[in-house]
Amino acid sequence: MKRPAGPSGSGTLILLRHGQSEANAAGVFGGWADYRLSPYGEEQAADAARLIAGTGLLPDVVHTSLLHRSIRTAQIVTDRLDRAWIPVHRTWRLNERQYGALTSQSKRRIRQDAGAQQYQHWRRSLHAVPPPLPGDRLALLRADPRYACLPGEAIPSVESFADLLTRVKPYWSDVPAPALAGGATLLVAHGNSLRALVTLLDRLGERALRALNIPTAEPLVYHLAPDLQPLPPGGSYLAPDRARGAAVAVAAEGHV
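Residues numbered from 1 in each chain as written. Predicted model: local features only at pLDDT ≥ 70, side-chain atom pairs only at ≥ 80, totals over all residues. Heavy atoms only, no water.

Asker: Explain the pattern of salt bridges to me, and be specific about the residues and the numbers.
Answerer: Summed over the entire model, instances satisfying the criterion amount to 13 salt bridges. Measuring nitrogen to oxygen at the nearest pair gives 3.0 Å for the salt bridge that ties Asp34 to Arg146. On the criterion of sequence distance, the pair formed by Asp34 in the loop between helix H1 (22-26) and helix H2 (39-55) and Arg146 in the loop between helix H6 (135-142) and helix H7 (161-174) is long-range, its members being 112 residues apart. Given the relative accessible area of 30%, Arg146 is considered partly exposed. Of the charged contacts in the structure, one is a salt bridge between Arg210 and Glu206, with a shortest N-O distance of 4.0 Å. Of this pair, Arg210 and Glu206 are both found in helix H9 (residues 206-210), four residues apart, which corresponds to roughly one turn of the helix. (Salt bridge = Lys/Arg side-chain N within 4 Å of Asp/Glu carboxyl O. Helix = DSSP H or I, 4+ residues; strand = E, 2+ residues; numbered from the N terminus. Buried < 20%, exposed > 50% of the residue type's maximum accessible area, 1.4 Å probe, protein only.)

Asker: Now, about the pairing of strand E5 (residues 220-224): what can you tell me, with residues and values included?
Answerer: Across the five residues that make up E5, a large majority, four, are buried. Of the pairings in the sheet, the one linking strand E1 (residues 11-17) to E5 comprises five bridges and is antiparallel in character. Within the sheet, the bridge partner assigned to Ile14 lies in E5 and is Val221. Summarising the sheet, E5 and strand E6 (residues 236-237) pair through two bridges and their orientation is antiparallel. Within the sheet, the bridge partner assigned to Leu220 lies in E6 and is Tyr237. (Pairing = 2+ DSSP bridges.)

Asker: I'd love a proper account of the sheet that holds strand E3 (residues 88-90), names of residues and values included.
Answerer: With mixed pairing, six strands are arranged side by side in an open sheet as E3-E2-E4-E1-E5-E6. Two strands bound the open sheet, and with one partner strand each, they are E3 and E6. Bridging between strand E2 (residues 61-64) and strand E4 (residues 184-189) involves four bridges; their strand directions are parallel. Bridge assignment links Val61 to a residue of E4, and that residue is Thr185. Sheet contacts for helix H3 (residues 68-80): E1, E2, E3 and E4; angle to E4, the most-contacted strand, approximately 145°. (Contact = heavy atoms within 4.5 Å. Axes fitted to C-alpha atoms, helices over the stretch in contact; angles between N-to-C directions.)

Asker: Pulling in residues and values, what's your account of unusual backbone geometry?
Answerer: For the bond from Leu231 to Pro232, the omega torsion is 0°, close enough to zero to count as cis. By the element assignment, Pro232 lies in the loop between E5 and E6. Despite not being glycine, Ser104 has its phi angle at roughly 70°, a positive value. By secondary structure assignment, the location of Ser104 is in the loop between E3 and helix H4 (107-114). On the basis of relative accessible area, Ser104 is assigned to the partly exposed category, the value being 31%. Even without glycine at this site, Leu228 takes up a positive phi of about 70°. When you line up the elements, Leu228 lands in the loop between E5 and E6.

Asker: Go over the packing of H2 against H3, please, and point to the residues and values.
Answerer: The angle between the axes and the distance between the axes are what describe a pair of packed helices. Across the interface, H2 lies against H3 with an axial gap of 8 Å and an inter-helix angle of 45°. In this view, H2 runs oblique relative to H3, as classed from their interaxial angle. Read as a crossing pair, H2 and H3 show a hand that is right-handed. Packed against H2, whose contacting residues are Glu42, Ala45, Ala46, Ala49 and Ile52, the element H3 presents Arg72, Thr73, Ile76, Val77 and Arg80 at the interface. Here the residues of the contact of H2 with H3 sort into six nonpolar, one polar and three charged. (Parallel < 35°, antiparallel > 145°, perpendicular 65-115°, else oblique. Left-handed = near helix turned anticlockwise from the far one by under 90°. Nonpolar A, V, L, I, M, F, W, Y, C, P; charged D, E, K, R; others polar.)

By themselves these figures say nothing about function.
Here is the structure:
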């Protein structure tokens, strides 16, 4: 299949949030807890591969977080594209936001207990920080072998969105960005780590950031100029109407 040409000298970045996870299905905060894909999430990942295949934008390299739901989604997509052989980079820097004590808690119950304003502030503001992960749970996380190469203090007990931006930015600048020219890169991560990347790519202010929601398993394609400016800004979803409706549903999580 012939690959469609992007703008001259550009690279192509395919952003993909993992398919529906067990946490998404249960309506709880996933954070750094290692939830797996639900059966529906596996179907979503296969459908994302179908959409990507239809564009001819076959990725040359994949980036994922260290969490199973991101890794498994990438595996399904690359298998369906017959690209299981391409290089894969995995990093904790693409992990979901560390939600601290909210991790594995019901979004609906947290909204009821804390109030709608505080709930929304924790979810979507730039600097709000929920209560930290309790010490015993943090100790278990820091003992996880996937993080053995990191000093304990690098594994946060909680993060604001600004903290997440600080975590994601150096990886984006040092690893995927320099290798983009002329190729296609698939980056499979999480709702908030992808919101961080979109914030960096489109230079979003806090008001636009609050309104940004990333739906599960909807490929979002950016063509980037050599200076990494999006052409056009905002990228484009491969199934825009469906993605728009799914993003509205993400915004409403915890409300019903």
